[in-house]
Amino acid sequence: MAEQQQEQAAPAAPNADDALGYEHARDALLDVVRQLETGGISLEESLALWERGEQLAKVCQRWLDGARARLDAALAAEEGGGSDRM
């Protein structure tokens, strides 16, 4: 029982998708969407593609969130430094 709790509490192993750049993840996601829209694949293949798309969407969202945080930090620094210049 204790072993099961430790396994559940352990951090997730690094995902290979985490190393993808935004553009690469976005392009891979577009490819997944095209394949799903085209159809002609089995339910099992469709589910696997859907799961892959969800992973790629999370990678893209992390990149976008990081970009937003950097922009917000830059804007805050600019606002904070702007009053010292006058």
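Please refer to the structure placed before this passage.
These figures come from a predicted structure and were not determined experimentally.

Rules used in this analysis
- Residues numbered from 1 in each chain as written.
- Predicted model: local features only at pLDDT ≥ 70, side-chain atom pairs only at ≥ 80, totals over all residues.
- Heavy atoms only, no water.
- Patch = residues over 30% accessible without salt bridge, like charges linked within 9 Å, V, L, I, M, F, W, Y side chains within 5 Å.
- Areas by Shrake-Rupley, 256 points an atom, 1.4 Å probe, with all protein chains shown as cover.
- Salt bridge = Lys/Arg side-chain N within 4 Å of Asp/Glu carboxyl O.
- Helix = DSSP H or I, 4+ residues; strand = E, 2+ residues; numbered from the N terminus.
- Buried < 20%, exposed > 50% of the residue type's maximum accessible area, 1.4 Å probe, protein only.
- Core = buried A, V, L, I, M, F, W, Y, C linked by side-chain atoms within 4.5 Å.
- Contact = heavy atoms within 4.5 Å.

(A) A nonpolar patch on the surface, seen in detail. Together, Leu-36, Ile-41 and Trp-50 give the surface a local cluster of nonpolar side chains, amounting to about 280 Å² of exposed area. By secondary structure assignment, the location of Trp-50 is in helix H3 (residues 43-85). Since its relative accessible area comes to 53%, Trp-50 is described here as exposed.

(B) Spatial organisation of the nonpolar core. Core analysis: the largest hydrophobic core is formed by seven residues, namely Leu-20, Ala-25, Val-32, Leu-49, Leu-56, Val-59 and Cys-60. Elements with a contribution of two residues or more to this core: helix H2 (22-38) and H3. A total of four residues in this core trace back to one element, the largest contributor, which is H3. Residue contacts for Cys-60: discarding those within four places in its chain leaves Tyr-22, Ala-25 and Arg-26.

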